[in-house]
Amino acid sequence: MAVEIIMPKLGVDMQEGEIIEWKKQEGDTVSEGDVLLEIMSDKTNMELEAEDSGVLLKIVRQAGDTVPVTEVIGYIGEEGESVDNIASSEKATEVPAPNSADAAPKVAEKVETDAPSPQVAKTAIPQGDGEKVRATPAARKTANELGIDLGQVPGTGPKGRVHKEDVEDFKGAQPKASPLARKIAHDQEIDLASITGTGFRGKIMKEDVLAAMAASKPAQESTSKAATLKEEKVDLPEGVEVKKMSAMRKAISKGMTNSYLTAPTFTLNYDIDMTEMMALRKKLIDPIMNKTGLKVSFTDLIGMAVVKTLMKPEHEYMNASLINDANDIELHRFVNLGIAVGLDDGLVVPVVHGADKMSLSDFVLASKDVIKKAQGGKLKAAEMSGSTFSITNLGMFGTKTFNPIINQPNSAILGVGATIPTPTVVDGEIVARPIMAMCLTIDHRLVDGMNGAKFMVDLKKLMENPFELLI
């Protein structure tokens, strides 16, 4: 029996994925565990493995296509099998949709116990009259009572199965949304029905409305222009090229827009004397290399200094997040450190989880591992989520200072600038010292200027006396 290959949901926020390359072609024999294709989502590449053995009967979506999660992208089955018969072969989970109030067919007991999955995005799957509809008995009963055609209800279950909650949501006159999201939408005269929610079961949150406000006008203009060019086949002016935005660029665009429009920020700038830090690194290069096989970097030492400073009780709000529509503060008694990594076509932020429990050697191993995966496009979704604080380093490009944008839902991000020999007064004499610029962008909803400054003072002290990192 042929089975569907679907675009997987690899993270809570994933709504779609881009097919980069099919590793197998139609007619190829595949075994369970074989890599079928490579996809990109949430700023990282993933290899999708076959869950069944057989023959790749059909490729539905091609390389370059951006596909919503749970949508079918291909089929695996026995050689010579027709995919046109798939619907009739899945009778255990698919039965005809009722066309009237007195049509409520029975289904297998297994379907009745299926629970809604919050990890699957609510993606509308066309299920018109005469087609098969996946649905639980509770969903069919509710649809029967409310007089709703199940073929019109988007399902949130596996492979688009419709649950009772989906029917109840569909019945509502307004989409599910938080009170703050409704207020902003009302004040700005925005139709909530036009917004895709990223909350649980597709609930529209404040961030979704803000992102829609920022993206609606340019998106409409871009769509209109692209449609005109496509339909009328208008030649572009010389020197003008229209390029499709990649999945990574879309994810970056959405995340940065959300952060910029959500958090009221301010940036603190400090100069750090790197004399002692450079001396420490020089002494540590050989011992760390002998133990790990890797060279300790300034980013490693800065990361460890940040982690130790964050773990001081007086700086707990620097290692926190806002939750529940910014009504509550989530304090973290651990540090998952995000490290921004620039790629040729975008930016990713791999995370070193549990950095507060690591020795310097452990941190060097962990940070190099996720950075290498990021550069090779091999990060897993879990390795890009859960950060409690982030750092970004542009010093190697000669950048003196900048205002980094916070990696939500962190309360702050530390920017690292270039280290430059600078005339400095030491013991009454002017000498050249290696001075590094650091810039801390802070979410003012969580941290005030004085508290942010105290954090930077402690961090500066530790970095200028880095031997404390080894204690």
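Residues numbered from 1 in each chain as written. Predicted model: local features only at pLDDT ≥ 70, side-chain atom pairs only at ≥ 80, totals over all residues. Heavy atoms only, no water.

(A) Looking closely at the layout of surface pockets. As a volume, the second largest pocket reaches approximately 770 Å³. Lining the second largest pocket are 38 residues, with Ala340, Thr392, Asn393, Leu394 and Met396 positioned closest to its centre. A total of five residues in the lining of the second largest pocket trace back to one element, the largest contributor, which is strand E19 (residues 412-426). Class assignment of the residues belonging to the lining of the second largest pocket gives a composition of 23 nonpolar, twelve polar and three charged. (1 Å grid on protein atoms, 1.4 Å probe; cavity = no way out; pocket = protein on both sides within 12 Å on 5 of 7 lines; lining within 4 Å. Points joined across faces, edges and corners; volume = space filled by probe spheres on them. Helix = DSSP H or I, 4+ residues; strand = E, 2+ residues; numbered from the N terminus. Nonpolar A, V, L, I, M, F, W, Y, C, P; charged D, E, K, R; others polar.)

(B) Looking closely at the environment of proline 8. Take proline 8: it is sitting in the loop between strand E1 (3-6) and strand E2 (16-22). Taking the C-alpha atoms as reference points, proline 8 and isoleucine 39, 31 residues apart in sequence, are found 9.6 Å from one another. Look past the residues within four positions of proline 8 in its chain and what remains in contact with it is Met14, Ile39, Leu48 and Val69. (Contact = heavy atoms within 4.5 Å.)

(C) The sheet that holds E19, seen in detail. Pairing within the open sheet is mixed, and its six strands lie in the order E11-E20-E19-E18-E14-E17. Single-partner strands in this sheet number two, and they are strand E11 (265-273) and strand E17 (351-352). Direction of pairing for strand E14 (residues 337-339) relative to strand E18 (residues 389-393): parallel, over a ladder of three bridges. Bridge pairing in E18 links glycine 338 to serine 390. On top of the sheet, helix H9 (residues 298-310) reaches E14, E18, E19 and strand E20 (429-443); it is set at about 155° to E18, its chief contact. (Pairing = 2+ DSSP bridges. Axes fitted to C-alpha atoms, helices over the stretch in contact; angles between N-to-C directions.)

(D) Just the packing of aromatic side chains, in detail. Summed over all chains, the structure comprises one aromatic pair. Considering the side-chain rings of phenylalanine 389 and phenylalanine 455, the 6.0 Å spacing of their centres and the 45° angle between planes classify their relative orientation as tilted. Residue phenylalanine 389 is found in strand E18, and its partner phenylalanine 455 is found in helix H11 (residues 449-464); the two are separated by 66 residues along the sequence. Take phenylalanine 389: its relative accessible area is 0%, and that puts it in the buried class. Note on phenylalanine 455: relative accessible area 0%, which makes it buried. It is arginine 281 that lies over the ring of phenylalanine 298; its NZ or CZ is 4.9 Å from the centre. (Phe/Tyr/Trp six-rings, centres within 6.5 Å; stacked < 30°, edge-to-face > 60°. Buried < 20%, exposed > 50% of the residue type's maximum accessible area, 1.4 Å probe, protein only. Lys NZ or Arg CZ within 6 Å of the ring centre and 35° of its normal.)

(E) Structural view of the pairing of strand E4 (residues 35-41). Of all seven residues in E4, six are buried, a share of seventy percent or more. Here E2 runs beside E4; their pairing, made up of four bridges, is antiparallel. Opposite isoleucine 19, over in E4, you have isoleucine 39 as the bridge partner.

(F) Just a nonpolar patch on the surface, in detail. There is a patch of nonpolar side chains on the surface, built from Leu236, Val240 and Val242 and spanning about 240 Å² of accessible area. Structurally, valine 240 is set in the loop between helix H6 (206-232) and helix H7 (247-262). Residue class for valine 240 comes out partly exposed when judged on its relative accessible area of 41%. (Patch = residues over 30% accessible without salt bridge, like charges linked within 9 Å, V, L, I, M, F, W, Y side chains within 5 Å. Areas by Shrake-Rupley, 256 points an atom, 1.4 Å probe, with all protein chains shown as cover. Salt bridge = Lys/Arg side-chain N within 4 Å of Asp/Glu carboxyl O.)

(G) Spotlight on unusual backbone geometry. Here the residue pair glutamine 408 and proline 409 is connected by a cis peptide bond, since its omega of 5° sits within 30 degrees of zero. Following the sequence through the fold, proline 409 ends up in the loop between E18 and E19. With a phi close to 75°, threonine 70 is a non-glycine residue in the positive phi region. Turning to its location among the elements, threonine 70 is positioned in the loop between strand E7 (66-68) and strand E8 (72-77). One non-glycine residue, aspartate 325, lies in the positive phi region at around 55°. Considering the arrangement of structural elements, one finds aspartate 325 in the loop between strand E12 (320-323) and strand E13 (328-331).

(H) Expanded view of the side chain of asparagine 407. Counting through the fold element by element, asparagine 407 comes out in the loop between E18 and E19. Among the polar contacts listed, one links the side chain of asparagine 407 to the side chain of serine 390, at a separation of 3.2 Å. With residues near it in sequence (within four places) discarded, asparagine 407 still touches Val349, Ser387 and Ser390. (Polar contact = N/O pair within 3.5 Å; in protein donor to acceptor, adjacent residues only side chain to side chain.)

(I) Region of interest: the sheet that holds E8. Strand order across the open sheet formed by four strands is E1-E8-E6-E3, with antiparallel pairing between neighbours. With one partner strand each, in any of the chains shown, E1 and strand E3 (29-30) form the two edges of the open sheet. By the bridge criterion, four bridges tie strand E6 (residues 54-59) to E8 in an arrangement that is antiparallel. Directly across from lysine 58, in E8, lies its bridge partner tyrosine 75.

(J) Region of interest: the nonpolar core. By size, the foremost hydrophobic cluster in this structure holds 57 residues, and its most contacted members are Phe389, Leu414, Met438 and Met463. With residues up to four places along the chain from it excluded, the contact list for methionine 438 reads Leu268, Asn269, Tyr270, Ile272, Ile302, Leu414, Gly415, Val416, Met456, Leu459 and Met463. With 19 residues, the next largest nonpolar core counts Met7, Met14, Met46 and Ile76 among its residues. (Core = buried A, V, L, I, M, F, W, Y, C linked by side-chain atoms within 4.5 Å.)

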